[in-house]
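If you want the building blocks of each chain, they are given just below.
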Amino acid sequence: MASSISPMLSWKEEVSLSILTHTTTSYSNTCASPIMNSKIWSKLPETLVDRVIAFLPPPAFFDARSVCKRWSNLLISNSFIEMYLSISSSARQRHTWFLFFKHKKLKSYIHGNNYKQREIEDNSSSREGYLFDPNEMKWYKISFGSVIPSGFSPCSSSGGLICWVSDVAGIKNLILCNPLLVKIYHSILMMNTITTRTPRLFPSVGLNVTNSSLDVVVAGDDLISQFNVKNVSSEIYHVYSSGGGGGYSLWGGTTSALPEKCSLQPGGKMVFVDGKFYCMSYSPLNVSGYDVGLNEWFEIEAPMRRHLRSPNLVECRGRLVLIAAVEKSKLKVPKSLRMWVLQRSSSTTCTNNQHKKWLEAEKMPQNLYKQFSEAGGDGDEGFDCVGNGNFIIITLPGSDNMLLFDFYQKAWQWIPPCPYSGGDGGLRGFAYEPQLFTPILAWVPPHESGI
């Protein structure tokens, strides 16, 4: 490519041209040839080039950051952001991707109902992300090592942001990071040294981000004492823009009691659907939900809960989906993997939330389940699930094997192993829709260094 570029271009312009040509060729249906006239490109006004960049797909933004200083600064400039936001969402293709991290292992030493000690393995690879495009079946690598402090783990995602939580037991700190810019934002609730009011071990964290609001829920794993951990309370932080340049409003640190006998998985995921956060509760097996508007928790009975193994909750096209293996040994029913969708209700009261019904939507073909079981899906460690758009991905602990399910095409397929993870397996995934800018973060001060 370099040999076809006119000598009148600087080396930075040559690289810029190369990336622009490559990305528009690879991802646009309108570009017929990878070679474009360099005389035309060299005379394009910068404003026009900037507008072309605004229409490029996410992989191009990752490349653009390292082209030159102008492009790196361009992506965070007010003028470019305004132009980017002015382009209607319908003009830009929506990218429902997944971001995976090597899962840190929690070691528990349990004596009775007390957690004597939990240790967490930390290494630099845990701050390295692996981006997967389910449409192109391609992998990309992102490094967070230079900006995410050690001792933090990814815990949730929303609105193009990844939320990281501190591993150290006690008061928890949260970090928001945009992988496109690899830029850290201390959320408004982190303006002070203390973030959560209650010391916790490995709480479940939920995040929901829109253009005008940001909600964070930190629940469970309350440190009652040095040797006692219980699921007692949750803390809710809410930031929203008043619009019209009027600034922002914040109510944070509001506490809410968890349902009685609630037993959340340490470091478990939360899923946001229709104004509510959901997570799995064990012993007994239920789905715990938090209604943001009512500031109340409720529980929904899981389907076939006496026969479920490794239950997972995911969001798929605005619906809450429960995925689990089903074992009915006494009834001599073959093992299977099934999916249920929570039916919507017009009522918003907590009582009716408890009586919502599940509808079975999918059952993995038996021949595929046999392959899934042989790959490790039938092991004691179970499996993990993440959903985004039409897609659901099932990962297996300690294995590179991943299954992709298109919920609306009803199609299953194995995913090519990630070429960057080192073959260690054990990846934990999050839904990720790349966004260059989230307007609510205009009220969140950026933080360039570690904590």
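Since we're looking at a predicted model, the values are computed, not measured.

(A) Structural view of the overall build of the protein chain. Helix and strand counts for the protein chain stand at eight helices and 29 strands. Counting every position in the protein chain, which comprises 451 residues, the buried fraction comes to 51%. A sequence separation of at least 24 residues applies to 56% of the contacts in the protein chain between residues at least 6 apart. Here the protein chain displays about 20900 Å² of accessible surface, and carbon together with sulfur accounts for 50% of that area.

(B) Local environment of the pattern of salt bridges. As enumerated under the stated definition, the model contains nine salt bridges in all. With a closest N to O distance of 2.8 Å, Glu327 and Arg309 form a salt bridge. Highlighted residues: Glu327 in strand β21 (residues 319–328) and Arg309 in strand β20 (residues 308–316), separated in sequence by 18 residues. Residue class for Glu327 comes out partly exposed when judged on its relative accessible area of 28%. Overlapping salt bridges bring together Glu46, Asp50 and Arg70 as one network.

(C) A look at the nonpolar core. Counting residues in hydrophobic clusters, the biggest one holds 34 residues, and the most contacted among them are Ile53, Phe80 and Trp164. Counting residues per element, the ones that place at least two in this core are α3 (46–55), α4 (58–64), α5 (69–74), α6 (78–86), β1 (97–102), β7 (161–166), β8 (174–178) and β28 (427–432).

(D) Representation of the confidence of the model for the protein chain in the model. Per-residue confidence for the protein chain averages 76 on the pLDDT scale, and 71% of its residues sit at or above 70. A low-confidence stretch, residues 1–17 stays under pLDDT 50, and its non-local contacts, those more than four residues away or across chains, total 22 contacts. Within the model, the stretch residues 186–194 combines pLDDT values under 50 with 23 contacts to residues more than four positions away or in other chains.

(E) Highlighting unusual backbone geometry. In this structure, Asp221 takes a positive phi of about 55° despite not being glycine. On the secondary structure map, Asp221 appears in the loop between β11 (213–219) and β12 (222–225). By relative accessible area, Asp221 is classed as buried at 4%. Positive phi outside glycine occurs at Lys410, with the angle close to 55°. The residue Lys410 is located in the loop between β26 (402–406) and β27 (411–414) in this model. Looking at Lys410, the relative accessible area reads 39%, which means it is partly exposed.

(F) Representation of the environment of Gly422. Among the secondary structure elements, Gly422 is positioned in the loop between β27 and β28. By relative accessible area, Gly422 is classed as exposed at 63%. Residues Gly422 and Asp400 lie 22 residues apart in sequence; the distance between their C-alpha atoms is 9.5 Å.

(G) Quick peek at α3. Buried within α3 we find Val49, Asp50, Ile53 and Ala54. Seen from one end, α3 has its buried residues packed into an arc of 145°, which puts them on one side.

(H) Examining the packing of α3 against α6 more closely. Two numbers describe how α3 lies on α6: the axes approach to 10 Å, and their chain directions differ by 55°. Between α3 and α6, the interaxial angle falls into the category oblique. Where α3 crosses over α6, the handedness of that crossing is right-handed. Along the contact surface, α3 presents Asp50, Arg51, Ile53 and Ala54, while α6 presents Phe80, Met83 and Tyr84. Considering only residue class, the contact of α3 with α6 consists of five nonpolar, no polar and two charged.

Cut-off values and rules
Residues numbered from 1 in each chain as written. Predicted model: local features only at pLDDT ≥ 70, side-chain atom pairs only at ≥ 80, totals over all residues. Heavy atoms only, no water. Helix = DSSP H or I, 4+ residues; strand = E, 2+ residues; numbered from the N terminus. Buried < 20%, exposed > 50% of the residue type's maximum accessible area, 1.4 Å probe, protein only. Contact = heavy atoms within 4.5 Å. Areas by Shrake-Rupley, 256 points an atom, 1.4 Å probe, with all protein chains shown as cover. Salt bridge = Lys/Arg side-chain N within 4 Å of Asp/Glu carboxyl O. Core = buried A, V, L, I, M, F, W, Y, C linked by side-chain atoms within 4.5 Å. pLDDT = per-residue confidence, 0-100. Arc of directions from axis to C-beta. Axes fitted to C-alpha atoms, helices over the stretch in contact; angles between N-to-C directions. Parallel < 35°, antiparallel > 145°, perpendicular 65-115°, else oblique. Left-handed = near helix turned anticlockwise from the far one by under 90°. Nonpolar A, V, L, I, M, F, W, Y, C, P; charged D, E, K, R; others polar.

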